[in-house]
Amino acid sequence: MLERRYNDEWKFWVDKDSFALVWNIPENAREVTLPHDAMIEAPADPNSLNGGNTGFRNGDIYTYVKLLYAPEEYRNKTIFLKFEGVYMNALVYVNGQLAAKNPGGYTTFYVELNQFLRYGQNNEIRVQVRNGAMTNSRWYSGSGIYRDVYLLEAGLTYLVPEGVQIKTENASQELAVLMVNTELKNRKSSPAELILETTIQNNEGETIACDCTSVVLFEQEERRMPQRIAVDAPVLWSEDTPVLYTCISRLYTKENGEKGALVDSNTETFGIRTLQVDTRKGFQVNGKTVNLRGACIHHDSGLLGAATYEDAQYRQIRLLKEAGFNAIRMSHHPMAPAMLRACDALGMYVMDETFDMWNRCKSNYDYGLYFQEWWEKDVTAMVRKDYNHPSVVLYSVGNEIPEIGTDHGARTCYDLCAKIKALDDTRFTLASINGVFAAGDAVGQIIADVVSDLSSKGEIDGNVNDFMTLMDGHMDEIVTHRTIGERLEKACAATDIAGYNYMTARYEIDGQTYPNRVIVGSETYPPEIARNWGIVKRCPHVIGDFTWTGWDYIGEAGVGIPAYQWGEGGFGAGFPAQLAYSGDLDITGFRRPASYFREVVFGLRREPYIAVQDPNRYGQTLIKTPWVISDAISSWTWSGCEGKPVIVEVYAPGAEAELLCNGRSVGRKTAGEAAGFRTLFETVYEPGTLTAVVYENGEEISRTELRTAGAERVLHVNAEKDYTSAEEGELLYFQVEITDEKGVIVTGEDVVLHLNICEGAEPLGFGSGDPKPLYNFNEGVTKTFNGRAQIILKKTRGAEPVKVQIESENGLRTEAIV
């Protein structure tokens, strides 16, 4: 089936008149190119009905219109539109007639056009997006047609879209056996005698296997044809060897017993690999045990909002892998095809997730209103989308579902898992379960029991009955309560793996109680990575850890912002907080201290890393949520704090860590696993050089330094290299930095920047990792955050070179040409 992107020349407007007798295109409609996120275009609104859920961004009702010319030859063809994602409540009209609808905002869906087309004429494709009912999401969703759209064209007999599925039945270094199932459809009113040819090519384009099958498709018949194909000496796909193969399907007429005219063709990329899981050897890829070093992520692309560009997805996965992750969990909905392609190419394991809610809504107007009628279609769409992607290894059937521990909730979990297994028996299922949520109406009793037990031991005041207070210091006692264990028995009965959200304390207990229960930390607190990873390494039934989160995101505003007064951050954060600020990497892809801490814990970093707590806040009580480690940043530039006490954090392997300030030893302390890989030193701020040295058996194994910035200020703008999915990518990323004359980042003197000149490209985003941005990302102005900012450009077709010039309000100016 011929497939081409259908992203250009859409007319777009915010639609305020739902009851319009005549559908036209208003004068205020403007042309947009997809992908398009309408929500990010408007500035954050402190009075937004969505509140901090979406970073104070409003939804609305939007209309997109495009004209499709249907030549007469389309009468004998099959024409589809493919929408990879529209948020949310999409209605697709062709010439004013409803052709399809899709309430879920993350599902790929197809629209068959033939019965609506007027041949030899222009045909209006009108997409209404009804995202005005707020609240409908717990995070930044974006709005509109935010993923790619494709036009598909085939004859009356064709290969069904997403209908070629390649399964590795078994594989070794000597031989792999593939089962290729191909869905064929005949729309003709007479039988079609056909030959299906399936060819396998290696990553160099060489044909290494082929099979032909004869088939007669009767009128209006759809059939699934199996072919078993052997591949000699395969290169098996894994995180270390992300080698991809190509499956080319060709459908021919059969004439005189031979191949005749080509009827249709399809190309799929896939990997050859096997999966196993058990409590003895853990999670295995190609027979090798793999511990999942996982990151939960939401779907926005930082300054781009929800608009899903291939280059942005590829860059994000590459940066996450370079930071030490080998797995990601798409939270909490099906992953975009563009990101799946990046994971395949770069070797990143994927936990794809179905829903954030089932029959109980978490927001006023969310998908819970549609789940009962739509879940089966949406699960089917996710599995068909994922099937040929070797990166996908796990399916989560839901995130923190409140009803999952009830009798009917457990049945729903069974139905979801059974549906997935019927569609794909090669991956493993789980539900990402929060034990406290699953406890439901038993929470009151859990509080009473935990308070009674702790007060009897003299550990708390017996009058404490506030659940949030208990969660702050006694989460382990809560999640190990017997009632939660009973709810988990129901919730995990139908899944291959038990997904535990924030239930580290149950890992080893349940490993003993349920000797065949495989567990994954499907969502965990960043500060607990040393504890969690220690259990993963010594307990094979715990197959990995997925931190919340690997990459910062818009929405759930402030949950990761360190605060010293109520309302500055955490659960009480208000406007202008717009980002969660809980990611190892910020929204621009810059690695924060937690990322290096995790890399040391994973055993992937030999050098120590230095992070410094704000000396201006020394001695003050930090108000922090469980997602916050501290307020530390990697800087030794603290103007005005000379002589003040300061806490320095050193993340280090080895046995001991020593801190030196300007060559003088501050102290030498236990490091590595015995210290939780995080060693704290107290000293006073003195400009100069801060050095951390790591020792093993008394011998130095590594060191690192932080230097104070000098007096001169220099503005830099540098184009990123090697982070796009192709040599000539669509997007360009520029990193902006304020440094001294030696290139040391200046973190304490943030300035407002203006994008003065942009030639040869369209600016898509200009901003920083600041969780409380002062400007919208499309204004052409921003303020640096800890000395950094970012520009994202989309190349103008046929224009080169690309030139950008920025200027600060204090008179610094720089430019870059690429």
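Residues numbered from 1 in each chain as written. Predicted model: local features only at pLDDT ≥ 70, side-chain atom pairs only at ≥ 80, totals over all residues. Heavy atoms only, no water.

Asker: Would you explain unusual backbone geometry in this entry?
Answerer: Peptide bonds are trans in most cases, and residues, glycine excluded, mostly fall at negative phi. Of note, the bond from S331 into H332 is cis; its omega dihedral lies within 30 degrees of zero at -5 degrees. Here H332 shows up in the loop between β22 (327–330) and α2 (337–346). Here the amide bond leading from F575 into P576 is cis, since omega sits at 15 degrees, within 30 degrees of zero. Structurally, P576 is set in the loop between β28 (542–548) and α11 (593–601). Even without glycine at this site, E9 takes up a positive phi of about 60 degrees. Structurally, E9 can be placed in the loop between β1 (2–5) and β2 (10–14). You can call E9 exposed: its relative accessible area is 53%. (Helix = DSSP H or I, 4+ residues; strand = E, 2+ residues; numbered from the N terminus. Buried < 20%, exposed > 50% of the residue type's maximum accessible area, 1.4 Å probe, protein only.)

Asker: Before we go on, may I ask you to explain the pattern of salt bridges in this structure?
Answerer: Side chains that differ in sign of charge can pair as their charged atoms come close. Evaluated as defined, the whole model comprises 55 salt bridges. We note a salt bridge from R797 to D8, for which the minimum N-O separation is 3.1 Å. Remark: D8 occurs in the loop between β1 and β2 and R797 occurs in the loop between β41 (788–795) and β42 (803–808); sequence separation between them is 789 residues. What makes R797 exposed here is its relative accessible area of 71%. In this structure, E124 and R126 form a salt bridge, with 3.1 Å as the shortest nitrogen-oxygen distance. Here the two residues E124 and R126 agree in accessibility, since each one is buried. (Salt bridge = Lys/Arg side-chain N within 4 Å of Asp/Glu carboxyl O.)

Asker: When you look at the packing of aromatic side chains in this model, what are you seeing that I'm missing?
Answerer: Aromatic ring pairs are reported here in terms of the distance separating the ring centres and the angle at which the planes meet. Scanning the entire structure with this criterion turns up 30 aromatic pairs. Arranged with centres 5.1 Å apart and planes meeting at 10 degrees, the rings of F83 and F109 form a pair that is stacked. Taken together, the residues span a long stretch of sequence, with F83 in strand β5 (residues 77–83) and F109 in strand β8 (residues 109–112) at a distance of 26 residues. Both residues of the pair, F83 and F109, belong to the buried class. Aromatic rings pair up to connect F355, W358, Y367, F371 and W375 into one cluster. Across the ring face of F777, the terminal group of R57 is positioned such that the distance to the ring centre comes to 5.8 Å. Over the face of the ring belonging to F681 we find K669, whose NZ or CZ atom lies 5.3 Å from the ring centre. (Phe/Tyr/Trp six-rings, centres within 6.5 Å; stacked < 30°, edge-to-face > 60°. Lys NZ or Arg CZ within 6 Å of the ring centre and 35° of its normal.)

Asker: What am I meant to see in the sheet that holds strand β15 (residues 222–232) here?
Answerer: Pairing between the strands of a sheet is mediated by backbone hydrogen bonds and can be parallel or antiparallel. An order of β11-β12-β15 is seen for the 3 strands of this open sheet, with the pairing classed as antiparallel. Every interior strand has two partners, whereas the edge strands, β11 (157–171) and β15, have only one. Neighbouring strand axes in the sheet, compared pairwise and without regard to direction, differ in orientation by 20 degrees on average. Sheet strands in contact with helix α3 (residues 371–386) are β11 and β12 (175–186), and its direction is about 65 degrees off that of β11. (Pairing = 2+ DSSP bridges. Axes fitted to C-alpha atoms, helices over the stretch in contact; angles between N-to-C directions. Contact = heavy atoms within 4.5 Å.)

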